[in-house]
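Okay, here's what each chain looks like letter by letter:
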Amino acid sequence: PSAMPVPAYNGGSIANLMRSLVSGLGGENVTCVPLTLLAAGEIASFRNVCLLVMDGLGHGYLRAHPEANWLNGHLRGRITSVFPSTTETAITTFLTGEPPSRHGLTGWHMYFRELGSVLAVLPGRSRYGGVGLSEAGVAPSALFDQAAVFDRVGVESVVLSPAHIAHSDFNQAHLGRAKLRPFRGLEAMLDIVVELARDSRERRFIYGYWPELDGLGHTDGMNSEASVHHLKQIDRALATCATALAGTDTLLVVTADHGQIDILDSDRISLDDHPELSDMLVLPLCGESRTAYSYVRPGRAAAFERYVTENLSHAVDLHVSRDLVDSGWFGPGDPHPRLIERIGDYTLVMRDHFVIKDWLPHEKKYKLTGVHGGMTPDEMYVPVVLKAC
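For every chain, the first residue of its written sequence is number 1, and the numbers climb from 1 along that sequence. Totals for whole chains, interfaces and linings use all residues, but because this is a predicted model, local features are given only for residues with pLDDT of at least 70 and pairs of side-chain atoms are given and counted only at 80 or more. With hydrogens and water stripped out, all remaining heavy atoms of the structure feed into the side-chain values.

### Thoughts on the overall build of the protein
So the rule is basically this: Only DSSP runs of H or I with at least four residues qualify as helices, and only runs of E with at least two residues qualify as strands; both kinds are numbered from the N terminus onward. Only C-alpha atoms enter the radius of gyration, while the globule expectation follows 2.2 Å times N to the 0.38, with N the number of residues. Residue exposure (1.4 Å probe, protein chains only): buried if accessible area is under 20% of the type maximum, exposed if over 50%, otherwise partly exposed. Working rule for contacts: check all heavy atoms of both residues, and any pair within 4.5 Å makes them a contact. Accessible surface is estimated by sampling points in the Shrake-Rupley manner with a 1.4 Å probe; for residues, cover comes only from the protein chains shown. Positive residues here are Lys and Arg, negative ones are Asp and Glu, while His and the chain termini are left out of the count. A charged residue contributes its charge at one atom only: NZ of Lys, CZ of Arg, CG of Asp or CD of Glu.
Each helix and strand counted, the protein has 15 helices and 19 strands in total. A compact globule built from 389 residues would reach a C-alpha radius of gyration of about 21 Å, and the protein, at 20 Å, matches this within 12%. The dimensions of the protein, computed from C-alpha atoms along their principal axes, are 65 × 45 × 40 Å. Per-residue burial for the protein yields a buried fraction of 59% across its 389 residues. Residue pairs at least 24 apart in sequence account for 74% of intrachain contacts in the protein once pairs closer than 6 positions are excluded. For the protein, the exposed area adds up to about 15,100 Å²; of that, 50% sits on carbon and sulfur atoms. Computed over 34 positive and 45 negative side-chain charges, the separation of the two mean positions in the protein equals 4 Å.

Shown next as structure tokens:
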């Protein structure tokens, strides 16, 4: 539907932001063209460039809260996320500089044919549980095979990561030559930014990731008191950081991987209520509750299409997955060699605020209040906030 913003890889997405940053930091070209809102030449004049990713901070959400006056006051514009609009896929674009078409990571749950397993990508564990990749003897670099963006830029890089995920297989596989600085707490992260900017003698790229707003959105909802309070905390902390950075010749860039929407119980579709559909699948649903990849049993494709059309068309836009690759939803460039097998036969793109979920026999059932991964403007548009310090 035309109301859904498809990722603007032609100059208006987070993949294009990364191209501008890589080029502005003297690095090799990546797949996408530069961001229209921020030219590489503007970046090239700064000694320090600091990219801060605030997980879950949608552009619409920020504009709906003018009391976050520092962020709103330095807002240059909005850009799109990638497809799907979810952390695993978008953060990998930040960490590689490449669109999903090239890096090949397509959602929270992914079928890795080379392992014969559906994994939760960020923890690096099989969906049914168990140990992480490296503990199981699997080299993460075999799955996450794109060069880190920190190896593409021409300057020293430092990655600031929350301590509880800093040493994960996913993070380590995307660290490249960058130095890792784990931290505990938002102020601690921003204190490290100031410290690094003040003591830099050579040009430096600083990347920081903050997950808390997204976490609160999932549990409490983006419109909850807790989430709005935390947005204000972020705003105040960034204002303090920018003041402390004054005179350090630093470009502060604040953006997000995606936004979120809040959902109601009436928006939830469970495959428990559609056993006939579930029986047509050879694997559990992969991807996200807002964008689900369906692996259909041989000979059942027509029945699958018919069932979805007749029973779920109010909630689902059904796509042949390969068509989305051909239409450029995952981005430009030659697709990752495993992209097609990682997106199933069909993609269920959920309409409005609907989600779809299935459950493994032993899985503890949970309900997220805030969700993302879909194509609504609130999920797809993220802010670009810029401050020259």
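### Details of the packing of aromatic side chains
Where two aromatic rings form a pair, the distance of their centres and the angle of their planes describe that pair. Heads up, the rule is: We call Phe, Tyr and Trp rings a pair once their centres come within 6.5 Å, taking the six-membered ring for Trp, and we label the pair stacked below 30 degrees between planes, edge-to-face above 60, and tilted otherwise. Look at NZ for Lys and CZ for Arg. If either is within 6 Å of the ring centre and within 35 degrees of the ring normal, a charge sits over the ring.
Under the definition given, this model contains nine aromatic pairs. Three or more aromatic residues joined by ring pairs make a cluster, and in this case those are F83, W329 and F330. A cation over a ring is seen here: R78 above Y381, with NZ or CZ 3.6 Å from the ring centre. Sitting over the ring of W359, K357 keeps its end group 4.4 Å from the ring centre.

### Considering the packing of helix α1 (residues 14-24) against helix α5 (residues 87-96)
How two helices pack is summed up by the angle between their axes together with the distance between the axes. Quick reminder of the rule: Fitted lines through C-alpha atoms give the axes, limited to the stretch in contact for helices. The angle between two N-to-C directions lies from 0 to 180 degrees. We call two directions roughly parallel when the angle between them is under 35 degrees, roughly antiparallel when it is over 145, roughly perpendicular when it lies between 65 and 115, and oblique otherwise. Left-handed is the label given to a crossing in which the near helix is rotated counterclockwise from the far helix by less than a right angle, and right-handed is the label when the rotation is clockwise. Asp, Glu, Lys and Arg are counted as charged, while Ala, Val, Leu, Ile, Met, Phe, Trp, Tyr, Cys and Pro are counted as nonpolar; the rest, among them Gly, fall into the polar class.
Running from N to C, α1 and α5 point in directions that differ by 15°, and their axes come no closer than 9 Å. By the criterion of interaxial angle, the relationship of α1 to α5 is roughly parallel. Taken as a pair, α1 and α5 cross one another with a handedness that is right-handed. Residue-level inspection shows I14, A15, L17 and M18 of α1 in contact with α5, the latter providing A90, T93 and F94. Here the residues of the contact of α1 with α5 sort into six nonpolar, one polar and no charged.

### Some thoughts on the pairing of strand β1 (residues 48-54)
Moving residue by residue along a regular strand, the side chains alternate between the two faces of the sheet. Formally: Here, any two strands with at least 2 DSSP bridges between them count as paired.
Extensive coverage of β1 is indicated by the burial of seven of its seven residues. When β1 meets strand β9 (residues 204-210), the two strands line up parallel, connected through seven bridges. Each bridged residue has a counterpart across the sheet, and for L52 the counterpart in β9 is G208. Of the strand pairs in this sheet, β1 and strand β10 (residues 250-255) are connected by six bridges, and their pairing is parallel.

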